Amino acid sequence: MLNTDYLSKEEKEILLKENQKPFFCEKILNVQLYENAVVCPGLKGGVYAHHQWILESILQWDTKPIIYDNHFQPAHQELQNETVVYVGNFLSVWGHEITDSLSKFWFYFNEKYHYLKQFKFVYTLLWENSDCSNSFYNLIQLLGIPKENLIKITKPTQFKQVYIPESSFFFDFNFNIRRFTPDYLNILNNIPPLPPIEKAPKVYFSRLCYSRSIKNFNEESLETFFQNQGFKIIYPEKCTLLEELAYLQNAQFFAATEGSIAHNFLFCAPSTTGLFLKKYNQITSYQLTINAMKQAQIIYINASYSPLANRNLYSGTQGPFFLYPTPQLCRFFNAPIQTFPLFLFLKSLYVVFQNYGLKKSYILINQIYIHPVRAKLKIKTRLKNLKKRLFKKSTVDS
């Protein structure tokens, strides 16, 4: 059940419309075999075979089909006279790791394809100098897949045979949404249940300990607010994967700002209520698909003032986001409405100026923030009222 009572009218209409799409795909997945195929890492990573790029091997993480030119030949190749299973071109971001990067491992739990377990599982990375997170490797091992079976390919390598499973979590360009299959659910069902670490029925997952959280301003105020509502604050970076999963599996309420951190709702029980705090007015499509999987009570609440991200001058997902306990959030918890934190907001402008450079800051301050802040503070109205009072006073005095 989806609750949009705490969003603007525009956000509510968009969300309700998108939520009607068919996220579940009843599809029987297959595995294709390619002879003398080349596995390539990087932004143009994937598998090249029979003088063409294999579409199923390309990470479709954008909303437009990524198709490589078949005339583009892989660079100098290493030769390996062995058979492997290609499990994807991974994006080393947690939200993508538990969706896109997991999506080809369904074969491991499918009786029909058990024979593939005898081979090595090769993967590439979209960002060549990165690596998967330790949590992802731990998740793979928790699923019973030996980490030593995973082989990272760092340069174009030709193999005797390459098996490529279809993706069980994928972008469907016909419906313009990400969809999931029964095989993807089966992967998740193989995660063992964990006992609670402590009594924590309500958890708020925070990004504050994330090293690249400069785009999220003032999340401290949300932490304090949720603590006052009886939520335990969880920093995933300070937890082991087992600790994190234990909190998620045993929570009755899960709260987080939209983005990768909210995708952890994937590991919650269907009875868990999800509170998703919107940072800007665009929709996180991955989250809608995860919500559809859980079939749980979902509540979206506006918890930010993010004009730059909303105008999408650069990339809305990059922020900056100014977070605070909004009137909508206070209303949901029946808490007193808080004053807009103007000083902290102005401080965020200074940080933006430091990090975004002069040109972007100029656009930000002059074209984005000035009018909304003026409207929020009713500066023009206040000046008019002040002028009236002064004029009235001067008339009386005379």
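For the structure, check the block above.
Before going into details, it helps to say that this report is about the structure given with it. In this text, all values refer to a predicted model and were calculated from it rather than measured experimentally. (Residues numbered from 1 in each chain as written. Predicted model: local features only at pLDDT ≥ 70, side-chain atom pairs only at ≥ 80, totals over all residues. Heavy atoms only, no water.)

**Things to note about the side chain of Asp172**
- Summarising the element assignment, Asp172 is placed in strand β9 (residues 169-172).
- A polar atom in the side chain of Asp172 sits 2.9 Å from the side chain of Arg179.
- With sequence-adjacent residues up to four places away left out, Asp172 is seen in contact with Ile177 and Arg179. (Helix = DSSP H or I, 4+ residues; strand = E, 2+ residues; numbered from the N terminus. Polar contact = N/O pair within 3.5 Å; in protein donor to acceptor, adjacent residues only side chain to side chain. Contact = heavy atoms within 4.5 Å.)

**Considerations on the packing of aromatic side chains**
- One pass over the structure, following the stated rule, counts 38 aromatic pairs.
- Judged by centre distance (5.6 Å) and plane angle (85 degrees), the ring pair of Trp106 and Tyr113 falls under edge-to-face.
- The buried category is assigned to Tyr113, whose relative accessible area is 6%.
- Aromatic pair Tyr115 and Tyr163: ring centres 6.1 Å apart, planes at 75 degrees, arrangement edge-to-face. Residue Tyr115 is located in the loop between α2 (94-97) and β6 (120-125), and its partner Tyr163 is located in strand β8 (residues 157-165); the two are separated by 48 residues in the primary sequence.
- For Tyr115, a relative accessible area of 38% gives the class partly exposed.
- Among the aromatic side chains, those forming a connected cluster through ring pairs are Tyr6, Tyr204, Phe225, Phe226, Phe231, Phe332 and Phe333.
- Seen from the ring of Phe170, Lys27 lies directly overhead, with NZ or CZ sitting 4.9 Å from the centre. (Phe/Tyr/Trp six-rings, centres within 6.5 Å; stacked < 30°, edge-to-face > 60°. Buried < 20%, exposed > 50% of the residue type's maximum accessible area, 1.4 Å probe, protein only. Lys NZ or Arg CZ within 6 Å of the ring centre and 35° of its normal.)

**Some points on the sheet that holds strand β2 (residues 31-40)**
- One open sheet accounts for 7 strands, arranged β4-β3-β2-β8-β5-β6-β7; its pairing is mixed. The open sheet is flanked by β4 (52-53) and β7 (150-152), the only strands paired with a single partner.
- Where strand β5 (residues 78-90) and β6 come together, 5 bridges link them in parallel fashion. What sits directly across from Tyr86, in β6, is Val122. (Pairing = 2+ DSSP bridges.)

**Some words on the sheet that holds strand β16 (residues 298-302)**
- Ordered in space as β1-β16-β15-β14-β11-β13, the 6 strands form an open sheet in which the pairing is parallel. Looking along the sheet, the strands with just one partner apiece sit at the ends: β1 (2-6) and β13 (232-234). On average, each strand axis in the sheet is inclined to that of its neighbour by 20 degrees, with strand direction left out of account.
- Pairing geometry for strand β11 (residues 202-205) and β13, over 3 bridges, is parallel. Pairing of Phe205 across the sheet is with Ile234, part of β13.
- Taken strand by strand, helix α1 (residues 9-18) contacts β1, β15 (273-278) and β16, and its axis lies near 170 degrees from that of β1. (Axes fitted to C-alpha atoms, helices over the stretch in contact; angles between N-to-C directions.)

**Side note on unusual backbone geometry**
- Even without being glycine, His51 reaches a positive phi, approximately 65 degrees.
- Along the chain, the position of His51 falls in the loop between β3 (46-49) and β4.
- Of note in the backbone geometry, Gln295 takes a positive phi value of approximately 50 degrees without being a glycine.
- Along the chain, Gln295 turns up in the loop between α7 (285-294) and β16.

**Remarks on the pattern of salt bridges**
- Within this structure, the stated rule accounts for 8 salt bridges.
- Measuring nitrogen to oxygen at the nearest pair gives 3.7 Å for the salt bridge that ties Asp131 to Lys152. Highlighted residues: Asp131 in the loop between β6 and α3 (134-142) and Lys152 in strand β7, separated in sequence by 21 residues.
- What makes Asp131 partly exposed here is its relative accessible area of 35%. (Salt bridge = Lys/Arg side-chain N within 4 Å of Asp/Glu carboxyl O.)

**Observations regarding the side chain of Asn89**
- Assignment of secondary structure puts Asn89 in strand β5.
- For Asn89, the side chain forms a polar contact with the side chain of Thr124, separated by 2.8 Å.
- Not counting the four nearest positions on each side in its chain, Asn89 is found in contact with Gly42, Gly45, Ser57, Leu59, Thr124, Leu125 and Leu126.

**Some remarks on the pairing of β3**
- The pairing of β2 with β3 spans 3 bridges and is antiparallel. Paired with Val39 across the strands is Val47, a residue of β3.
- Linkage of β2 to β3, two consecutive antiparallel strands, is achieved through a turn of 5 residues, within which Gly42 is found at a positive phi near 100 degrees.
- Relative to β4, β3 is paired through 2 bridges, and the arrangement is antiparallel. From the neighbouring strand, Tyr48 faces β4, where its bridge partner is Trp53.
- Remark: 2 residues form the turn of the hairpin made by β3 and β4, two consecutive strands paired antiparallel; His50 in that turn has positive phi of roughly 55 degrees.

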